Amino acid sequence: MKNESFAVYISIIRKYFVSYCTEKISNFGVTYTQLFVLIYIGKNNECSPKEIVEYLKIDAGQLNRILTKLLEKDLINQRKNNNDRRFNVLSLTESGKNIVQESQKLFYSWDTQVLSDIDENSIQELMNLMKKIIFKLNEIDGGKQNEQKNYQRTSLWSNDPWIRSSGYGWFR
């Protein structure tokens, strides 16, 4: 790996994934970023805008614009927090839930195409390495406690229904 860069490989994979998703999700009527906001809300059932900003690492202003669009498209609900009326709580509408379910099929399709020539043991090893890398990234990013809580709260690794059903990962 002396003359190779892991970051370059990740960038190339991301480029192909974003291109694939952007083309396919146009049928859903949402953008790539809007889709991942919907997925985050769906994984948590209810959440605050602040949680989304922290987890997806997007600008609060950008999230505000995204939420406005998702509300206009009737994909999310927004209500005041019962414990603190200054804050909002977000949840998915039935239409939003349908898009998240369809995205699961979309991601499964991409995974199937990309990983088709790789044996199951190698795929599992790859997924385990990716999880280790994510935990390491969390560690070197200041070890933010709220991010670690989000990993645990969303049951990203072990209790997540997508992982249990697919065996691969959160975006399946």
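Only a predicted model underlies this, so the values are computations on that prediction, with no experimental measurement involved.

Enquirer: Please clarify how the nonpolar core should be interpreted in this entry.
Expert: Soluble globular proteins: nonpolar side chains tend toward being buried together. Core analysis: the largest hydrophobic core is formed by 31 residues, its most contacted members being Val37, Leu38, Ile41, Ile52, Leu70, Ile76 and Phe107. Elements that contribute at least two residues to this core include exactly α1 (6-25), α2 (32-44), α3 (49-56), α4 (60-72), β2 (88-92) and α5 (94-115). The greatest single-element share of this core, amounting to eight residues, is contributed by α2.

Enquirer: Looking at this structure, how should I read a nonpolar patch on the surface?
Expert: Taken together, the side chains of Phe6, Ile10, Ile13, Leu126 and Met130 define a hydrophobic patch exposed on the protein surface, amounting to about 390 Å² of accessible area. For the nonpolar patch, the secondary structure elements donating two or more residues are α1 and α6 (120-140). The element that contributes the greatest number of residues to the nonpolar patch is α1, accounting for three residues. Checked against the element boundaries, Phe6 lands in helix α1. When its relative accessible area of 38% is taken as the criterion, Phe6 is described as partly exposed.

Enquirer: Before we go on, may I ask you to explain the environment of Ser103 in this structure?
Expert: Locating Ser103 in the fold gives a position in helix α5. Taking relative accessible area as the criterion, Ser103 reaches 0% and is therefore assigned buried. Distance in space between the C-alpha atoms of Ser103 and Ile25 is 7.8 Å, their sequence separation being 78 residues.

Enquirer: Explain the layout of surface pockets here, please?
Expert: In this approach a probe as big as a water molecule rolls over the atoms, and the regions it shows empty are the leftover space. Considering only enclosed or pocket space, the second largest pocket measures out at about 210 Å³ in volume. In terms of lining residues, the second largest pocket is bounded by 11 residues, among which Gly42, Asn45, Leu92, Lys97 and Val100 are the most central. Only α2, β2 and α5 provide two or more residues apiece to the lining of the second largest pocket. Element by element, the count of residues in the lining of the second largest pocket is highest for α5, at four residues.

About the thresholds
- Residues numbered from 1 in each chain as written.
- Predicted model: local features only at pLDDT ≥ 70, side-chain atom pairs only at ≥ 80, totals over all residues.
- Heavy atoms only, no water.
- Core = buried A, V, L, I, M, F, W, Y, C linked by side-chain atoms within 4.5 Å.
- Buried < 20%, exposed > 50% of the residue type's maximum accessible area, 1.4 Å probe, protein only.
- Helix = DSSP H or I, 4+ residues; strand = E, 2+ residues; numbered from the N terminus.
- Patch = residues over 30% accessible without salt bridge, like charges linked within 9 Å, V, L, I, M, F, W, Y side chains within 5 Å.
- Areas by Shrake-Rupley, 256 points an atom, 1.4 Å probe, with all protein chains shown as cover.
- Salt bridge = Lys/Arg side-chain N within 4 Å of Asp/Glu carboxyl O.
- 1 Å grid on protein atoms, 1.4 Å probe; cavity = no way out; pocket = protein on both sides within 12 Å on 5 of 7 lines; lining within 4 Å.
- Points joined across faces, edges and corners; volume = space filled by probe spheres on them.

Treat this as a map of the structure, not an account of what it does.
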